[in-house]
2 protein chains.
Amino acid sequence: MEYQKELKRLIFDLKTNYLPSVSIDLVIFGFHDGQLKVLLLRWKTTDKWCLPGGRIRHEENMEAAAYRSLRERTGLSEIFLQQFHTFGDVDRYTHFSRHDTLSKLGLPEEDLKEFASRDVSVGYYALVEFAGATPTPDLFTDECCWWDIDQIPLLLFDHNDMITLALKTLRRQLSYQPIGYNLLPDKFTMPDLQQLYETILGQSLDRRNFQKRMLGYGILERLEERKTGGAHKAPYLYRFNKENYEKALRDEILFVG
Amino acid sequence: MEYQKELKRLIFDLKTNYLPSVSIDLVIFGFHDGQLKVLLLRWKTTDKWCLPGGRIRHEENMEAAAYRSLRERTGLSEIFLQQFHTFGDVDRYTHFSRHDTLSKLGLPEEDLKEFASRDVSVGYYALVEFAGATPTPDLFTDECCWWDIDQIPLLLFDHNDMITLALKTLRRQLSYQPIGYNLLPDKFTMPDLQQLYETILGQSLDRRNFQKRMLGYGILERLEERKTGGAHKAPYLYRFNKENYEKALRDEILFVG
DNA sequence: TCAAAAGTGTTAAACGTACACCCATGA
DNA sequence: TCATGGGTGTACGTTTAACACTTTTGA
């Protein structure tokens, strides 16, 4: 059986080349067309879903491991990725029985036991333009796709808590730091930017006040061009002033909340 | 040699009963008399200092491990403890050579090697009334004492970064949540509370505005008594309204920043 | 009686919020 | 020509920041 062989190889690889006891979990938020989604994986031969994750190689920085896992699941790199919390409760696997879930993989009991022990997991969240991503399942999962943020089912392990905390952190982050650099095209309109903010915050904002505030931070440059082809009045195009944007990131200017 | 024997036992205990690859580091801020201090340990037979830390037992929640380590170093429990970041760079031990530092312990080379490999470390910060703490060194260290926040020397590993980030996080936390519950005596004056805030923020605040704001949050109860015995006008005593205090913690009301 | 700390209130500036009108565009 | 989205400015209310005088107390 090819799958069993491959799985065995993977497990050997995990045991030898990766740090034990520590894992990484990713809350990958997808933004597109005014919708906020989360990338979930369906566990092999079950109807249970969970977050994508990864492990850290012995000679690899933890953040690099998170980026690598993100790339493996979405095909994307160069995106916004942020550590938000580390989860270390003993019972964090017992929401559904981890042992039962893992047994679906068809592993020998010894491997199962090791897998079923509690890991400390470092949570990262990412924000990607989901039209550009290519969701790819891994060897433990059958399916990988986007779920609407309002319709997340009961997930395996403590992954519902992770999503809740990640979203809370992202929203708070929005009050301290600019966002949008790797999420919007190089040139974008003010309504585009506003929609991004509204999608993340889950609430609508006043057009005029939003524009005033954004321009006030000095991270935007208005171009001469306008975006034509739309059905209505052509909006101006903007681009981020990279220098001021980076400065705002460093300084943690207070933004809209 | 009694110390070598004890050390051997400790290392065996660490190997068998604790999670590998993950450690905990504690930034314990001490508050007293308008001073902000950090608890540091001096590494065995060296003049190098570092943060206290700990490890997680197999059947122990991570947060419980942090509390336990805190108790072991200070004798205190029931205090403010908060996870702030997890550190996982490969080179986080190379600031000073970890191998050289560890060799001062007089361990056999095999143990040394294992000890010298990179751990992922979860950083917690705590805030304690330092007059009540009893700083206690562990088996790896000769000395345990408070250092003024402005006079921290170059520390082992990435511990200077940890302190910087912990302080930044603590200051931000102050804008979202009330603080003081386990730091001030049951009854305290408004100037006491203000001094706590000023010490943490490292800046002075306007007396009148501070009082207005604090009272506005409804977490304080003014008592009939005044604090007598001081050399000047007797200030009122306050106590926290536990219920509202807890509520403010949960709701993350926006506080003074 | 004086110096030092604590109690209290007012005013101006900044900021956030609410809101309305005109313009451009393709259907 | 009209419906829709986009551009712009003003006025009000709230919040924050600055600031001064009086009271109490022990030295």
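What counts and what doesn't
- Residues numbered from 1 in each chain as written.
- Chains lettered and ligands numbered in written order.
- Predicted model: local features only at pLDDT ≥ 70, side-chain atom pairs only at ≥ 80, totals over all residues.
- Heavy atoms only, no water.
- Helix = DSSP H or I, 4+ residues; strand = E, 2+ residues; numbered from the N terminus.
- Buried < 20%, exposed > 50% of the residue type's maximum accessible area, 1.4 Å probe, protein only.
- Contact = heavy atoms within 4.5 Å.
- 1 Å grid on protein atoms, 1.4 Å probe; cavity = no way out; pocket = protein on both sides within 12 Å on 5 of 7 lines; lining within 4 Å.
- Points joined across faces, edges and corners; volume = space filled by probe spheres on them.
- Nonpolar A, V, L, I, M, F, W, Y, C, P; charged D, E, K, R; others polar.
- Polar contact = N/O pair within 3.5 Å; in protein donor to acceptor, adjacent residues only side chain to side chain.
- Near = heavy atom within 4 Å.
- Expected span 1.5 Å × (residues − 1).
- Least-squares fit on C-alpha atoms with pLDDT ≥ 70 in both.
- Axes fitted to C-alpha atoms, helices over the stretch in contact; angles between N-to-C directions.
- Parallel < 35°, antiparallel > 145°, perpendicular 65-115°, else oblique.
- Left-handed = near helix turned anticlockwise from the far one by under 90°.
- Buried area = accessible area lost by both parts, 1.4 Å probe.
- Salt bridge = Lys/Arg side-chain N within 4 Å of Asp/Glu carboxyl O.
- Domains from an automatic or database assignment.

### Side note on the side chain of Thr199(A)
Residues and elements named next belong to chain A. Topologically, Thr199 is positioned in helix H6 (residues 190-201). Taking relative accessible area as the criterion, Thr199 reaches 10% and is therefore assigned buried. If we skip the residues at most four places from it in the chain, Thr199 touches Phe31, Gly34, Gln35 and Leu36.

### With respect to the layout of surface pockets
Space inside the second largest pocket adds up to approximately 1,000 Å³. Pro20(A), Ser21(A), Leu19(B), Pro20(B) and Ser21(B) are the residues nearest the centre of the second largest pocket, which is lined by 39 residues in total. Elements represented by at least two residues in the lining of the second largest pocket include exactly helix H1 (2-17) and helix H4 (109-116) of chain A together with helix H1 (2-17) and helix H4 (109-116) of chain B. Sorting elements by how many residues they give to the lining of the second largest pocket places H4(A) first, with 4 residues. Residue classes in the lining of the second largest pocket are distributed as 16 nonpolar, 7 polar and 16 charged.

### Some words on the side chain of Asp158(A)
All names here are of chain A. Topologically, Asp158 is positioned in the loop between strand E7 (141-148) and helix H5 (159-176). A relative accessible area of 9% places Asp158 in the buried class. A polar contact of 2.8 Å, which involves the side chain of Asp158, links it to the side chain of Arg92. Each residue touching Asp158, except ones within four places of it in the same chain, is listed here: Phe87 and Arg92.

### Here's the deal with unusual backbone geometry
Residue and element names in this part refer to chain B. Residue Thr45 is not a glycine yet carries a positive backbone phi of 55°. Counting through the fold element by element, Thr45 comes out in the loop between strand E2 (35-43) and strand E3 (49-50). One non-glycine residue, Glu78, lies in positive phi territory at about 60°. With respect to the helices and strands, the residue Glu78 is situated in the loop between helix H2 (62-74) and strand E5 (80-87). Judged by its relative accessible area of 63%, Glu78 is exposed.

### Side note on the protein's contact with DNA strand D
Near DNA strand D there are 21 residues, and of these Arg207(A), Arg222(A), His232(A), Tyr236(A) and Arg208(B) occur at the shortest range. Contact distances for DNA strand D include 3.2 Å between a sugar or linking oxygen and a backbone N or O atom of Ala231(B). Between Lys233(B) and DNA strand D, the recorded distance is 3.3 Å, taken from a backbone N or O atom to a base oxygen. Per-element tally for the surface near DNA strand D: the top contributor is helix H7 (residues 207-216) of chain B, with 5 residues. Taken together, the residues of the surface near DNA strand D sort by class into 5 nonpolar, 5 polar and 11 charged.

### Let's talk about H5(A)
The first and last C-alpha atoms of H5(A) sit 26 Å apart over 18 residues, in line with the 26 Å expected at 1.5 Å per residue. Of all the positions in H5(A), only His159(A), Met162(A), Ile163(A), Ala166(A), Leu167(A), Leu170(A), Gln173(A), Leu174(A), Ser175(A) and Tyr176(A) are classed as buried.

### Regarding the relation of the copies chain B and chain A
You can overlay chain B on chain A at an RMSD of 0.1 Å; the transform is a turn of 179° with a shift of 0.0 Å along its axis. Both chain copies can therefore be described as sitting about a two-fold axis.

### Quick word on the packing of H1(A) against H4(A)
Residues and elements named next belong to chain A. Between H1 and H4, the least distance of the axes is 12 Å, while the angle of their chain directions is 50°. As judged from the angle between their axes, H1 and H4 are oblique. The element H1 and its partner H4 pack so that their crossing is left-handed. Contacts between H1 and H4 pair Ile11, Leu14 and Lys15 from the former with Asp111, Glu114 and Phe115 from the latter. When its residues are assigned to classes, the contact of H1 with H4 shows 3 nonpolar, no polar and 3 charged.

### Some details on the interface of chain B and chain A
Each side of the interface is counted separately: chain B has 26 residues, and chain A has 26 residues. Both sides of the chain B and chain A interface together cover about 2,100 Å² of buried area, and 47% of this is carbon and sulfur. Among the residues of chain B in contact with chain A, Arg118(B), Arg172(B) and Tyr176(B) are the three that bury the most area, contributing 22% of the side total. Taken together, the connections running from chain B to chain A amount to 17 residue pairs in polar contact (both at pLDDT 80 or more). With 4 residues, the top contributor of residues to the side of chain B that touches chain A is E5(B). Looking at the side of chain B that touches chain A residue by residue, the classes come out as 10 nonpolar, 7 polar and 9 charged.

### Overview of the protein's contact with DNA strand C
Taken together, 21 residues sit near DNA strand C, with Arg208(A), Asn209(A), Arg207(B), Arg222(B) and Tyr236(B) positioned nearest. Backbone atoms, meaning sugar and phosphate, form 45% of the atoms of DNA strand C found within 4 Å of the protein. At 2.6 Å, a side-chain N or O of Arg208(A) approaches a base nitrogen of DNA strand C. Measuring from a base nitrogen of DNA strand C, one finds a side-chain N or O atom of Lys212(A) at 3.3 Å. Within the residue set of the surface near DNA strand C, elements represented by two or more residues are helix H7 (207-216) of chain A together with H7 of chain B. The element contributing the most residues to the surface near DNA strand C is H7(A), with 5 residues. Tallied by class, residues from the surface near DNA strand C come to 5 nonpolar, 5 polar and 11 charged.

### A short note on the pattern of salt bridges
Inspection of the entire model under this criterion finds 30 salt bridges over all chains. Of the charged contacts, one joins Arg68(B) and Glu72(B) as a salt bridge, the two residues approaching to 3.2 Å between their closest N and O atoms. Of the two residues, Arg68(B) and Glu72(B) both sit in helix H2, 4 residues apart, roughly one turn of that helix. You can call Glu72(B) partly exposed: its relative accessible area is 41%. Each of Arg42(A), Lys44(A), Asp142(A) and Glu143(A) takes part in salt bridges that share partners, so that together they form one network.

### Considerations on the domain arrangement of chain A
Residues and elements named next belong to chain A. Taken domain by domain, chain A holds domain 1 (2-175) and domain 2 (177-251). The gap between the C-alpha centroids of domain 1 and domain 2 is 31 Å. Residue-level contacts link 17 residues of domain 1 with 12 residues of domain 2. Both faces considered, domain 1 and domain 2 share a buried interface measuring about 1,300 Å² in area, 68% of it formed by carbon and sulfur atoms. The largest contributions to the domain 1 side of the interface with domain 2 come from Phe31, Arg171 and Leu174, which together make up 46% of the buried area. Our count for the domain 1 to domain 2 interface comes out at 0 salt bridges. There are 3 residue pairs in polar contact (both at pLDDT 80 or more) connecting domain 1 and domain 2. For the side of domain 1 that touches domain 2, the secondary structure elements donating two or more residues are strand E2 (35-43), strand E6 (120-129) and H5. A total of 6 residues in the side of domain 1 that touches domain 2 trace back to one element, the largest contributor, which is H5. Tallied by class, residues from the side of domain 1 that touches domain 2 come to 9 nonpolar, 4 polar and 4 charged.

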